[in-house]
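# Examining the three-dimensional arrangement
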Amino acid sequence: MASDEADMLRTMGLRSVEDLFSDIPPAVRMSGLPLPPGLSEQEVVARITEMLSANRTMADMPTFLGAGLYDHFVPASVRAITSRAEFYTSYTPYQPEVSQGILQTLWEYQSMICDLTGMDAANTSMYDASTALGEAARMARRIHNGKIFLVPRALRWHRRTVLGNYTWGSGILVKEVEYDRATGMLDLADLKQHLSEDVCGLYVENPNFFGRLEEQLAEIRTATDVPLVVGINPIAQAVVKKPADFGADIVIGEGQALGNAVNFGGPLLGIFACRQEHVRKMPGRVIGLTKDAEGHRAFCMTLQTREQHIRREKAMSNICTNESLMAVASAAYMAVLGANGLRRVAVECMRKAKDLAAAIRAIPGFEAPLFEGAHFNEFTVRYQGGYEAVHRALLARGLHGGMQHARHLRELRDFALFAVTERHTKHDLDRLVEALRSIR
Amino acid sequence: MPNLPEHEVVRHYTRLSQMNFSIDTGFYPLGSCTMKFNPKYAEELASLPTVARVHPDQDESTIQGALRLMHELQQSLATIAGMDAVTLQPAAGAQGEFTGLLLAQAYNHDKGEHRQQIIVPDTAHGTNFASAGMAGFDIVEIASVDGRVDLSALKRAVGDKTLAFMITNPNTLGIFEDHIIDVADIVHQVGGLLYYDGANLNAIMGKTSPGLMNFDIVHFNLHKTFTTPHGGGGPGAGPVGVKAPLEPFLPVPVVTFDSSMYHLDYHRPKSIGMVRAWYGNFALLVRAYAYILRQGGDGLTRASERAVLNANYVKHRVQGALEVPFSGLRKHEFVASGAKLAAKGVKTTDVAKRLMDFGYHPPTVYFPHLVEEALMIEPTETETRATLDAFADTLIQITKEDPALLHSAPHNTAVSRVDEVQAARDPVLSWRYLKAQPKF
């Protein structure tokens, strides 16, 4: 290798590697990096494995966190597919003739997302649900005049702050619509108060931040004709009516649950779908079906004139690298489970959550859930003595409770959001109930 | 949604993967995209349960390993780039740009100023324009002279409205902007900030740094310089580094260490908030940190040396067969022009498609726009001389081939030349479109 280098340098008429850097002026030159010397592969593996062993995993302790990310079981076949180096070590498919594999897979992902939501078209992913919401607000404004984008006040804080950052530059004002204190659903009366000429779009989540199914999508659709953005949990889509059937214009969601690990919060996968009439206003990468020179079916990236490398500052968004491999996992997950399997997962999550809420409600001092009515796989839990005490007590017993609502909604200081998936065993649920019973 | 036997699904996607070019199957000289070897030890570490099955909302006491890794990675990246503080939150390079601009804006507003202008050279990546547009800024493009920023054009463009100048160094022609200190002075004198697009950072590690060159903000592309695989278009990771005056504005939460425990600090009154949910694409951060530990300071410097050697060597080999505008050294990439071939009726597209017949992924084509019929070649440090020679020989041979052969290329890929115009004219984006209009 070293003689190789010397020979390459000689070919170019150079003497040393340093000659290759003679164009960097001395004033900004440095000689090497003040970082420790490199380690062997064995040392690196040991060091990082050891460092990360300070983490407690959801396998180490039954954990009831969700709030956007869910620890669903991922079949080994899904990982086997995404572990194909031909997928994970490939680049963005700019050259379709040598990228048909990833292109067709992503086109199938788009198609399956459309099946799930009833929408006509989907892009191949946003970074996560919160950036998808930001892009949806910007798209709503491209569809409809008006500066105000309405969102539920009961919204996870990070979705709200990301939305603020994504909309600020285009002059969109985000306003919040109250939730109904009795049902936990969007407050229709408050929504009507907010509707005006200047509204460019409305965002509703189903299930919402309380895990509650939003049962008034038809009424919401009737109340206004501004672009309606519906946030979904893709697993719940197997048991709830499709947003398209309620007249949604844009559907977004966190796609992580479809075949991807929780990954300490990343990488995730933002679902983004819309109706056909809005397709040219949709941000992000899109795969289309076409023909090759011999008339055979072929796939390629399409509608690229909307995006950054062509439209530059007038692009629909700046997204370039997205979450393609997560979309591959989602396509594989949906294909492996099929419609029947997806429905089984959804039903099991919903049933387990319902049974767990009932068991917690039966414990003196606990309230669950705050709102009556249908929930998907999450529900609120309150302890009269303040939830923080419960959180500490559960940790001491080797369990992890739900997400505390305090950072998001001040009035729910004492509440936590508990999530259940098909991965929770009866033993996990029993342990939780027993631990809660022992709290005094 | 289909209900299929699992092995049918596995076969389907395995077959598709075989129709996909990737780093593990071939040479990918894709300029400014930096496709190099994706080490397997990093894959193994990123799939540990202590990564995959950890929820980001877990109590701090249960995620000390993850927080420590983030803290150490932040420090390593700051050292490499010569910056004072780093956020790992952005999900991709373009999101890093967007974050960097929001930081510049927040810093500016905090000083009581309202600057609206972003200056970008004509050699810039398309995402620079799109990110600035998305953040709501006015964009001024300036021309370059001899493949470098024209100082007099820059002086004319800057003023009291200038928020930032966005540039990569080496630029997208692979040329080092050796008057960078003058560039920085011109921008700083009017109170503007200098932004470093980190896509080309792999050319200069250990030789110089954005900090030494007086940059104020830099984004990193972990999926380029730090080898994390690209996943067919994502996920990426685009951490942002800043000089001390911008630190108070970094996204929350910031990972801090109090000499016994790591914490997630949300109490940052000047913070811009979040740009995506949670803390970044953590599984990619693990891969990048593993790579940095494996290389060490010396290894990273060697990587830059070899990347620069390889680029200059390939340039030297193909010069003559293709024109290479602008004289002098290149850093990690160079741009050749197919203008002479165009006179024979051979477009750069034809050359690119023909390369596929020999098992190579084509270079980046038609970028940057200021070079006619551009082919942008980046071999990276991981390729051997034998690979580079074989590639150069092939490229030279193609320039001598019968134009008819090139026009009909590629000849031995899964599909022949794909009709991308048809795909955009009449989009077929999901199987719902097909059902409505079965023409394929």
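Our structure is the block above this text.
Residues numbered from 1 in each chain as written. Chains lettered and ligands numbered in written order. Predicted model: local features only at pLDDT ≥ 70, side-chain atom pairs only at ≥ 80, totals over all residues. Heavy atoms only, no water.

### A closer look at the overall build of chain B
Helices and strands together make up the secondary structure of chain B, namely 15 helices and 14 strands. Overall, the C-alpha framework of chain B stretches about 65 × 65 × 50 Å when taken along its three principal axes. Buried residues in chain B amount to 68% of all 440 residues. Summarising the internal contacts of chain B: among those between residues at least 6 apart in sequence, 69% fall at separations of at least 24. Summing over all exposed atoms, chain B offers an accessible surface of approximately 13,200 Å²; the carbon and sulfur share of this is 51%. Of the side-chain charges in chain B, 38 are positive and 46 negative, and the distance between the mean point of each set is 4 Å. (Helix = DSSP H or I, 4+ residues; strand = E, 2+ residues; numbered from the N terminus. Buried < 20%, exposed > 50% of the residue type's maximum accessible area, 1.4 Å probe, protein only. Contact = heavy atoms within 4.5 Å. Areas by Shrake-Rupley, 256 points an atom, 1.4 Å probe, with all protein chains shown as cover. Lys, Arg positive; Asp, Glu negative; His and termini not counted. Charge placed at Lys NZ, Arg CZ, Asp CG, Glu CD.)

### A look at the overall build of chain A
From N to C terminus, chain A includes 13 helices and 13 strands. Counting only C-alpha atoms and orienting by the principal axes, one finds that chain A spans roughly 85 × 55 × 50 Å. Relative to its full complement of 440 residues, chain A shows a buried share of 66%. Put simply, 71% of the contacts in chain A that link residues at least 6 apart link residues at least 24 apart. Of the accessible surface of chain A, which amounts to about 15,500 Å², a share of 49% is contributed by carbon and sulfur atoms. Each charge sign in chain A was given a centre, from 49 positive and 51 negative side chains, and these centres are 4 Å apart.

### Examining the sheet that holds strand β12 (residues 334-337) of chain B
All names here are of chain B. Spatially, the 3 strands line up as an open sheet ordered β12-β14-β13, and their pairing is antiparallel. Of all strands in the sheet, those bounded by a partner on one side alone are β12 and β13 (364-365). Bridging between β12 and strand β14 (residues 374-377) involves 4 bridges; their strand directions are antiparallel. Paired with Phe334 across the strands is Ile377, a residue of β14. (Pairing = 2+ DSSP bridges.)

### With respect to the pairing of strand β2 (residues 117-121) of chain B
In the case of a regular strand, side chains alternate between the two sheet surfaces. Residues and elements named next belong to chain B. Among the 5 residues that make up β2, 5 are buried, leaving the element largely enclosed by the rest of the structure. By the alternation rule, side chains of β2 split into Gln117, Ile119 and Pro121 and Ile118 and Val120, which are all buried. Since β2 and strand β3 (residues 138-142) lie parallel, the crossover through helix α6 (residues 126-134) that links them has a hand, and here it is right-handed. (Right-handed = clockwise from strand over helix to strand, strands pointing away.)

### As for the pattern of salt bridges
In total, this model carries 49 salt bridges over all chains according to the counting rule given. A salt bridge links Glu113 of chain B to Arg115 of chain B, with the nearest nitrogen and oxygen atoms 2.7 Å apart. Looking at Glu113 of chain B, the relative accessible area reads 27%, which means it is partly exposed. Residue Arg115 of chain B is classed as buried on the basis of its relative accessible area, which comes to 8%. Residues joined in a network through salt bridges with shared partners are Asp4, Asp7 and Arg10 of chain A together with Arg317, Arg385, Asp389 and Asp393 of chain B. (Salt bridge = Lys/Arg side-chain N within 4 Å of Asp/Glu carboxyl O.)

### Quick look at the side chain of Glu108 of chain A
With respect to the helices and strands, the residue Glu108 of chain A is situated in helix α5 (residues 100-117). The charged side chain of Glu108 of chain A is buried without a salt bridge, its nearest counter-charge being Arg297 of chain A at 6.4 Å. Discounting chain neighbours no more than four positions away, the residues touching Glu108 of chain A are His12, Tyr13 and Leu16 of chain B.

### Examining the packing of aromatic side chains
Here the distance between the centres and the angle between the planes together describe a pair of aromatic rings. Inspection of every chain in the model, using the stated rule, returns 22 aromatic pairs over all chains. With centroids separated by 5.4 Å and ring planes inclined at 55°, the aromatic side chains of Trp107 of chain A and Phe299 of chain A adopt a geometry described as tilted. Of this pair, Trp107 of chain A sits in helix α5 while Phe299 of chain A sits in strand β9 (residues 297-302), and the two are 192 residues apart along the sequence. Neither Trp107 of chain A nor Phe299 of chain A differs from the other in exposure class; each is buried. With a centroid separation of 5.2 Å and 85° between ring planes, the pair formed by Phe27 of chain B and Phe391 of chain B is classed as edge-to-face. With Phe27 of chain B in the loop between α1 (6-17) and α2 (40-46) and Phe391 of chain B in helix α12 (residues 385-399), this residue pair connects regions lying 364 residues apart in the sequence. For the pair Phe27 of chain B and Phe391 of chain B, a shared accessibility class is recorded, and that class is buried. Within the aromatic cluster, the residues linked to one another by ring pairs are Phe64, Phe379, Tyr387 and Phe418 of chain A. Lying over the aromatic face of Tyr179 of chain A, Arg181 of chain A brings its terminal NZ or CZ to 4.3 Å of the ring centre. Lying across the ring of Phe21 of chain A, Lys207 of chain B places its NZ or CZ 4.9 Å from the centre. (Phe/Tyr/Trp six-rings, centres within 6.5 Å; stacked < 30°, edge-to-face > 60°. Lys NZ or Arg CZ within 6 Å of the ring centre and 35° of its normal.)

### Observations concerning the packing of helix α2 (residues 41-52) of chain A against helix α4 (residues 64-81) of chain B
Put simply, α2 of chain A and α4 of chain B touch, their axes get as near as 7 Å, and they point 130° apart. Here α2 of chain A is positioned oblique relative to α4 of chain B, judged by the angle of their axes. Of the residues in α4 of chain B, those touching α2 of chain A at Ile48, Met51 and Leu52 of chain A are Gly65, Ala66, Arg68, Leu69 and Glu72 of chain B. Looking at side-chain class alone, the contact of α2 of chain A with α4 of chain B contains 5 nonpolar, 1 polar and 2 charged residues. (Axes fitted to C-alpha atoms, helices over the stretch in contact; angles between N-to-C directions. Parallel < 35°, antiparallel > 145°, perpendicular 65-115°, else oblique. Nonpolar A, V, L, I, M, F, W, Y, C, P; charged D, E, K, R; others polar.)

### A word on the sheet that holds strand β4 (residues 199-206) of chain A
Residue and element names in this part refer to chain A. Read across the open sheet, the 7 strands follow the order β1-β7-β6-β5-β4-β2-β3; overall the sheet is mixed. Only two strands of the sheet have a single partner each, and these edge strands are β1 (121-122) and β3 (173-177). When β4 meets strand β5 (residues 228-232), the two strands line up parallel, connected through 5 bridges. Paired with Glu205 across the bridge in β5 is Gly231. Packing against the sheet, helix α7 (residues 157-167) makes contact with β2 (148-152), β3, β4 and β6 (250-254), and its axis sits at approximately 150° to β3.

### Focus on the interface of chain B and chain A
In many analyses, interface size is given as the accessible surface area lost on bringing the parts together. Each partner contributes residues to the interface: chain B has 167 residues there, and chain A has 160 residues. Linking chain B with chain A are 12 salt bridges, by the criterion used here. The salt bridge involving Arg306 of chain B is made with Glu5 of chain A; its shortest N-O contact spans 3.1 Å. Linking chain B with chain A are 89 residue pairs in polar contact (both at pLDDT 80 or more). If one sorts the elements of the side of chain B that touches chain A by residue count, helix α9 (residues 282-318) of chain B sits on top with 24 residues. Of the residues in the side of chain B that touches chain A, the class split is 87 nonpolar, 53 polar and 27 charged. (Polar contact = N/O pair within 3.5 Å; in protein donor to acceptor, adjacent residues only side chain to side chain.)

### A look at α2 of chain A
Compared with an ideal rise of 1.5 Å per residue, which puts 12 residues at 16 Å, α2 of chain A spans 17 Å between its outermost C-alpha atoms and is within 8% of the ideal. The complete set of buried residues in α2 of chain A reads Val44, Val45, Ile48, Met51 and Leu52 of chain A. Along α2 of chain A, the residues classed as buried sweep out an arc of 140° about the axis, all on the same side. Exposed side of α2 of chain A, more than 90 degrees from the buried face: Gln42 and Glu50 of chain A are the residues found there. Residues of α2 of chain A that are buried sit in contact with α2, α3 (49-52), α4 and α9 of chain B. (Expected span 1.5 Å × (residues − 1). Arc of directions from axis to C-beta.)

### Notes on the packing of helix α6 (residues 129-143) of chain A against α7 of chain A
All names here are of chain A. Across the interface, α6 lies against α7 with an axial gap of 8 Å and an inter-helix angle of 40°. Our classification of the angle between α6 and α7 gives oblique. Of the two elements, α6 crosses α7, and the hand of that crossing is right-handed. Contacts from Ala129, Ser130, Thr131, Leu133, Gly134, Glu135, Ala137 and Arg138 in α6 reach His158, Arg159, Val162, Leu163, Tyr166 and Thr167 in α7. Broken down by class, the residue content of the contact of α6 with α7 amounts to 6 nonpolar, 5 polar and 3 charged. (Left-handed = near helix turned anticlockwise from the far one by under 90°.)

### Notes on helix α11 (residues 348-357) of chain B
Residues and elements named next belong to chain B. Of all 10 residues in α11, 9 are buried, a share of seventy percent or more. The complete set of buried residues in α11 reads Thr348, Asp350, Val351, Ala352, Lys353, Arg354, Leu355, Met356 and Asp357. The inward-facing, buried residues of α11 abut α10 (339-343), β13, β14, α12, α13 (403-407) and α14 (420-425).

### Topic: unusual backbone geometry
Residue Pro207 of chain A is reached from Asn206 of chain A by a cis peptide bond, and omega for that bond is 0°. Summarising the element assignment, Pro207 of chain A is placed in the loop between β4 and α9 (217-223). Of note, the phi angle at Thr227 of chain B is positive, near 65°, even though the residue is not glycine. Mapping Thr227 of chain B onto the fold places it in the loop between β8 (217-220) and β9 (240-242).

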